There are 2 protein chains.
Amino acid sequence: MATKKSSKHKNHAERLAQEQKAISVSQFFERNRHLLGFDNPIKALSTTIKELVDNSLDACQEINILPELIIQIKQKGDKRFTVIVEDNGPGIVKEQIPKVFAKLLYGSKFSKMRQSRGQQGIGVSASVLYGQLTTGKSSKITSKIDPKKPAHFYELHIDVNHNEPEIVQEKEIEWTNKDHGIKVEIDLEGKYQKGRLSVDEYIKQTAISNPHATITYIPPDNKVVKYKKGTSELPKEPKEIKPHPYGIELGVLIRMLKITPSKTLLNFFTTSFSRVSAKTAKEICDKASIPLNTKPKKIDHQQADALFHSISKTKIMAPPTNCLSPIGEDVLIRGLKKEINAEFYSATTRPPTVYRGMPFQIECAFAYGGDLKGDELIKLMRFANRVPLQYMQSACAIFKSAQQTAWKNYGLSQSRGALPTAPMVAMIHIASVWVPFTSESKEAIAHYPEIVKEIKLALQECGRKLGVYLRRKKKAAEVERKKSYIVKYIPHMGEALKEILELSEKDSLEIQKLLKQKLESPKENK
Amino acid sequence: MATKKSSKHKNHAERLAQEQKAISVSQFFERNRHLLGFDNPIKALSTTIKELVDNSLDACQEINILPELIIQIKQKGDKRFTVIVEDNGPGIVKEQIPKVFAKLLYGSKFSKMRQSRGQQGIGVSASVLYGQLTTGKSSKITSKIDPKKPAHFYELHIDVNHNEPEIVQEKEIEWTNKDHGIKVEIDLEGKYQKGRLSVDEYIKQTAISNPHATITYIPPDNKVVKYKKGTSELPKEPKEIKPHPYGIELGVLIRMLKITPSKTLLNFFTTSFSRVSAKTAKEICDKASIPLNTKPKKIDHQQADALFHSISKTKIMAPPTNCLSPIGEDVLIRGLKKEINAEFYSATTRPPTVYRGMPFQIECAFAYGGDLKGDELIKLMRFANRVPLQYMQSACAIFKSAQQTAWKNYGLSQSRGALPTAPMVAMIHIASVWVPFTSESKEAIAHYPEIVKEIKLALQECGRKLGVYLRRKKKAAEVERKKSYIVKYIPHMGEALKEILELSEKDSLEIQKLLKQKLESPKENK
């Protein structure tokens, strides 16, 4: 019996072994596509356009060129669409095109410590995957990298089981009137609608946060919308930086020690990290009681642990912030003015700061009054590295910060725990080398205390400017009201003065005229 | 100038090409570990234990054995812990151990259409990854698959850049007093705390939803908690099923047509899907105007699209539901009774039903009164395939359904849009071949309308039973109150009767006694 039982169990372990196998990341995300923002047809259409536009804007930034984008949505059937996005970026060399567009987790931005819209190397290929899943169609990519050479055209499909590209067709084609750039066409199942969560709104907000871009948008009804650029000034080019010691985890430190070409800890620390001088390196090693000239490869686990702890006990300068490219107060206001007709604008760019060793920077701009409606909650426009965030507002650190701001101080009415009610749009931008999103679909920013604090400070700064304006406006309205009262009584005063002083009718009218003049130029009175 | 400009751009495309590279799924999740439930030290500890326990319970289910688990948390330093989980499952053959524990996206459950706790092949290796990231330590695995042979011991590390296991140490060891099973030890950074989101609570709830399991739990303070099994009945073994046509997307259908060994569409449809008879297959093909004996490999895109649409227009029987293993009403109540001392229990197991071609089944059980506190919102205990869900309650379909139930109908008080206030625990279980979680960290269930509807029906069924009980209880209290009034007046009545009927003192007392007796046996009165 015992033998039978044991052999049965062994068979189980062996049977199970045959079923164990690797799952490709494409299979994983095909099954879990809601994790990437493809939950439903409306969001799927919007996510696809977002991923393509983000990539185009990043590409133009790479070569410091003013972006010119053409975005088209063609309705092909009840729920079928073709999305086409074309840019004037550098293009992609033909050997790389299949992997960039038809392999998940492939890209150039993942390990760079520099601000960019994309970060994971998933977005565009996920759109290709979703298109193929819902329509069975492959995606079409045209790339031109040199004005004197023809463009290269690909039709691509993803081999889901292996997460590798399959080339359906490939050829050289002529792409006239184009020096360089990329054009992507994806067929997908989607739903087009208007409103707060629409593609229209996403593109409008993108134009606001990228006023240096020219965007031509052709929605399904073919009513072309042209967003002209509001500035010819290119955004400051963000620099790549090295990791800051405060943001490193023990496991990563051990890995770095193992693979570094450095021969000494001194060299390792000063060349692998930002803000570590020879003096700081010595301090770290001294605190861990390890000689500065030890070979990094010789550091054992216990010593690595000691170094890790001494880093947190050493005072190290905050990371450099030239890796960030904020929009800037002037450009923010120009962007808002272009799209929203308001009576008052203000903007703030906070100084850069750091969360978990990662530099970030918060900006904020308000548009108040004018065409905006007064009896609604203020509208938040959230941006991360210039990309509009449309979904999951209530899960976002920006929403939380706006909720927790005491708006009454700035003259707005606010119910407890809610956004204030006012004719206002508040735009908030976080720029960072690594934006901590709550999910891969990049819809909401995680509640890091440092980030929430900075957003609140930015809102307060703009709020104070708004408060000054609103108080002045209220005072002016008050003065106007008082003036209108007095004006009403001037004829009576004229009559009374006429009687008391025994004036002629003409003198009385003269006095009334003088009184009115005085009233209308209040400054001369002072 | 033109030449210079063009060559500059070509250089850009080529420079970018050099930076483009594949990102391993380990690198991706190391950077985005909050996506897998490792956001903070408290959750990291709880997630690690959850992943290990889920796997152990699944393993025991594979061989139909009553699970005996030992779960230990050892505190090693301020924020350092060692987690040890040991089971009596079949064990894992030694060749598979490195990949199962040190390669993300590797497992046996991903493509099986059958109810299990794990589904992705990520959880356990993610815990190993997190442990290595935060402590630099490798994880230790002991596996025994045969009582007559020694066990196999591994110390494993993940090569993050390639998402492949690295074997640090490997040897045969003796594991006495054990026929077969697995023991896993992971060092990690964490935080141990008590309360609603604690590991203690997770294990308690696991014991409730798995009353056939024996669990020995040794928390950091070494105060051992022993959960004895409440039943020796094994859960019904869930069967593997084929996909249902209603749950298939066009892209997947095309892929299946390409790789099927079937020679005809008739054979393809009847063997690749569940619930497709020859008659149904004919109906699908007829509607698409494609002959039933066409070779699947010859089906072009347009034909596949036609088949896809005709599937949705064909009436097909709901999928079989023997792939599900509900807990059952009796066992649910037994589980609750074991851990909660209440005055009233009720349970409901709904019939299985389907969302997007996936079978699922809802169960619900209430414990009311007794030791439970009355002035608080009811406590929801959420379970998916017997796994307790602790985080993100407000994002979960279970919470939404409970909020939208009209609890006043069942005698509970409820503010608008809130859970009811009552001394009650409501346990809700969803069993499915594929639970649609809102994120990989598997904390909340997506709001599919079919699922929300079924949960509400289950809550209403239990609610009606509770309503009957509460009304009866109220009535009994009412009768008791009236009785106590009358009892109060019996001596006066005795006096009055004595005077009117001129009774002796003895007779008066006798009558009082009789009246009391009548009152105390109300049933005889009728």
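Just so it is clear, the structure is predicted and the values come from calculations on it, not from any experiment. Throughout, a residue's number is its position along its own chain's written sequence, starting from 1. Chains carry letters and ligands carry numbers; both start at the beginning, A for chains and 1 for ligands, and go up in the order they are written. Thresholds applied to this predicted model are a pLDDT of at least 70 for local features of residues and 80 or more for the giving and counting of side-chain atom pairs; totals over whole chains, interfaces and linings are not thresholded and use all residues.

*Asks:* Give a detailed account of the overall build of chain A, specifying residues and quantitative values.
*Replies:* Each helix corresponds to a stretch of at least 4 residues labelled H or I by DSSP, and each strand to a stretch of at least 2 residues labelled E; elements are numbered beginning at the N terminus. When helices and strands are tallied, chain A shows 15 helices and 18 strands. Across its three principal axes, chain A shows a C-alpha extent of roughly 130 × 70 × 65 Å. A burial count over chain A gives 45% of its 526 residues as buried. A residue pair is marked as a contact if its C-beta atoms, positioned from the backbone, fall within 7 Å. Residue pairs in contact within chain A that sit at least 24 positions apart in sequence constitute 71% of those at least 6 positions apart. Three exposure classes are used, all based on how many other C-beta atoms lie within 10 Å of a residue's own C-beta (placed from the backbone): buried at 20 or more, exposed at 12 or fewer, and partly exposed between those limits.

*Asks:* Run through the relation of the copies chain A and chain B, naming residues and quoting values.
*Replies:* The fit set for superposing copies consists of C-alpha atoms from residues with pLDDT of at least 70 in both; the fit itself is least squares. Rotating chain A by 180° and moving it 0.1 Å along the rotation axis overlays it on chain B with an RMSD of 0.3 Å. One copy is carried onto the other by what is essentially a two-fold rotation axis. If distances are taken from each C-alpha of chain A to the rotation axis, the shortest is found for V25 of chain A, at 3.6 Å. A shared binding surface is used by both copies, with 100% of the interface residues of chain A retained as interface residues in chain B.

*Asks:* Hey, could you go over the nonpolar core for me, with residue numbers and the actual values?
*Replies:* Judged by nonpolar contacts, the single largest core of 224 residues is most densely connected at M427 of chain A together with M427 of chain B. With near-sequence residues (within four places) excluded, M427 of chain A lies in contact with I208, L332, L336, C364, A365, M381 and F383 of chain A. Definition of nonpolar core: a set of buried Ala, Val, Leu, Ile, Met, Phe, Trp, Tyr and Cys residues joined via C-beta atoms within 7 Å.

*Asks:* So what's going on with the pairing of strand β11 (residues 344-349) of chain A? Residues and values would help.
*Replies:* Residue and element names in this part refer to chain A. Taken across its six residues, β11 has five buried, putting it largely inside the fold. Where β11 meets strand β13 (residues 358-368), six bridges bridge the pair, whose relative direction is antiparallel. By the bridge assignment, T348 is partnered in β13 with C364. Pairing between two strands requires that DSSP report at least two bridges joining them.

*Asks:* Describe the environment of L129 of chain A, and please don't skip the residues or the numbers.
*Replies:* Note that L129 of chain A resides in helix α5 (residues 123-135). Exposure remark for L129 of chain A: the 26 C-beta atoms within 10 Å place this residue in the buried category.

*Asks:* Tell me about the packing of helix α7 (residues 250-259) of chain B against helix α10 (residues 301-313) of chain B, residues and numbers included.
*Replies:* All names here are of chain B. Their axes nearest at 10 Å, the elements α7 and α10 cross at an angle of 120°. Relative to α10, the element α7 lies oblique. You can see that α7 and α10 cross each other, and the crossing is right-handed. Where α7 approaches α10, its residues L250, L253, I254 and L257 are matched on the opposing element by A304, D305, L307 and F308. Axis definition: a line fitted to C-alpha atoms, over the contacting stretch in the case of helices. Angles run 0 to 180 degrees between N-to-C directions. Any angle between 65 and 115 degrees counts as roughly perpendicular, while under 35 counts as roughly parallel, over 145 as roughly antiparallel, and the rest as oblique. Should the near helix be turned anticlockwise from the far one by less than a right angle, the crossing is termed left-handed; should it be turned clockwise, right-handed.

*Asks:* Report on unusual backbone geometry, specifying residues and quantitative values.
*Replies:* Residues and elements named next belong to chain A. Non-glycine residue N222 carries a positive phi angle of around 65°. With 10 C-beta atoms packed within 10 Å, N222 lands in the exposed category. Even without being glycine, R275 reaches a positive phi, approximately 65°. Along the chain, R275 falls in the loop between α8 (265-272) and α9 (278-287). For R275, a count of 17 C-beta atoms within 10 Å translates into the label partly exposed.

*Asks:* Give a description of the sheet that holds strand β8 (residues 181-189) of chain B that names residues and reports values.
*Replies:* All names here are of chain B. One open sheet accounts for eight strands, arranged β7-β6-β5-β8-β3-β2-β9-β10; its pairing is mixed. The outermost strands of the open sheet, each flanked by one partner alone, are β7 (164-173) and β10 (225-227). For this sheet, the mean angle separating the axes of adjacent strands, direction not counted, is 15°. Lying over the sheet, helix α6 (residues 199-209) contacts β2 (68-75), β9 (214-218) and β10, oriented at roughly 170° with respect to β9.

*Asks:* Describe the sheet that holds strand β6 (residues 151-159) of chain A, with residues and values.
*Replies:* Residue and element names in this part refer to chain A. One open sheet accounts for eight strands, arranged β7-β6-β5-β8-β3-β2-β9-β10; its pairing is mixed. The two strands at the open ends of the sheet, each matched to only one other strand, are β7 (164-173) and β10 (225-227). Averaged over all pairs of adjacent strands, the angle between strand axes in this sheet comes to 15°, irrespective of strand direction. Where helix α3 (residues 41-62) meets the sheet, it contacts β2 (68-75), β3 (80-86) and β8 (181-189), and its direction lies at approximately 170° from that of β8. Across the sheet, helix α6 (residues 199-209) is in contact with β2, β9 (214-218) and β10; its angle to β9 comes to roughly 170°.

*Asks:* Residues and numbers for α10 of chain B, please.
*Replies:* Residue and element names in this part refer to chain B. Expected span of a helix: the number of residues minus one, times 1.5 Å. Its 13 residues give α10 an end-to-end C-alpha distance of 19 Å, which sits within 8% of 18 Å, the value for a rise of 1.5 Å per residue. Within α10 the residues assigned to the buried category are A304, D305, L307, F308 and I311. Down the axis of α10, the sector holding all buried residues measures 160°, keeping them to one side. Exposed side of α10, more than 90 degrees from the buried face: Q302 and K313 are the residues found there. Residues of α10 that are buried sit in contact with α7 and α9 (278-287). Here the arc refers to the directions that run from the helix axis out to each C-beta atom.

*Asks:* Hey, could you go over the domain arrangement of chain A for me, with residue numbers and the actual values?
*Replies:* Marked domain ranges trace back to an automatic or database domain assignment. Domain annotation of chain A identifies domain 1 (26-227), domain 2 (245-313), domain 3 (329-470) and domain 4 (474-525). For domain 2 of chain A and domain 4 of chain A, the distance between their C-alpha centroids amounts to 81 Å.

*Asks:* Kindly report on α6 of chain B, identifying the contributing residues and their values.
*Replies:* Of all eleven residues making up α6 of chain B, eight are buried, and the element is well covered by its neighbours. Residues of α6 of chain B that are buried: V199, Y202, I203, Q205, T206, A207, I208 and S209 of chain B.

*Asks:* Tell me about the interface of chain A and chain B, and name the residues and values.
*Replies:* Counting residues at the interface gives 54 residues for chain A and 54 residues for chain B. For the side of chain A that touches chain B, the secondary-structure elements that each account for two or more residues are α1 (2-19), α2 (25-31), β4 (106-107), α5, α7 (250-259) and α10 (301-313) of chain A. For the side of chain A that touches chain B, the element with the most residues is α1 of chain A, which contributes nine residues.

*Asks:* How would you sum up the packing of α3 of chain A against α5 of chain A? Please name residues and give values.
*Replies:* All names here are of chain A. Closest axis-to-axis distance for the α3/α5 pair is 9 Å, and the angle between their directions is 145°. Of the two elements, α3 crosses α5, and the hand of that crossing is left-handed. Between α3, through A44, T48, E51, L52, D54 and N55, and α5, the contact on the second element is made entirely by G123, V124, S127 and Y130. Only Asp, Glu, Lys and Arg are considered charged, only Ala, Val, Leu, Ile, Met, Phe, Trp, Tyr, Cys and Pro nonpolar, and every remaining residue, Gly among them, polar. Taken together, the residues of the contact of α3 with α5 break down into four nonpolar, four polar and two charged.

*Asks:* Quick one: what's the story with the pairing of β9 of chain B, residue by residue and with numbers?
*Replies:* Residue and element names in this part refer to chain B. Going residue by residue along β9, you find I215 and Y217 tucked away on one face and T214, T216 and I218 left uncovered on the opposite face. Bridge analysis of β2 against β9 gives five bridges, and the strand direction is parallel. Across the sheet, L69 pairs through a bridge with I215, a residue of β9. As paired elements, β9 and β10 share three bridges and run antiparallel to each other. Its bridge partner lying in β10, T216 is registered against K226.

*Asks:* Any details on the environment of V468 of chain A? Residues and values, ideally.
*Replies:* The topology assignment puts V468 of chain A in helix α13 (residues 449-501). C-alpha separation for the pair V468 of chain A and G411 of chain A, spaced 57 residues apart in sequence, amounts to 9.0 Å.

*Asks:* Report on the environment of E62 of chain B, specifying residues and quantitative values.
*Replies:* Relative to the elements of secondary structure, E62 of chain B occurs in helix α3 (residues 41-62). The exposure class assigned to E62 of chain B is partly exposed, which follows from the 18 C-beta atoms found within 10 Å. Other than its neighbours up to four places away in sequence, E62 of chain B contacts H12 and L16 of chain A together with G89 and P90 of chain B.

*Asks:* Can you explain the confidence of the model for chain A? Please cite residues and give values.
*Replies:* The pLDDT score gives, residue by residue, the confidence of the prediction method on a 0 to 100 scale. On average, residues of chain A carry a pLDDT of 89, and 95% of them reach 70 or more. The ipTM value of the predicted complex is 0.78, and its pTM value is 0.81.

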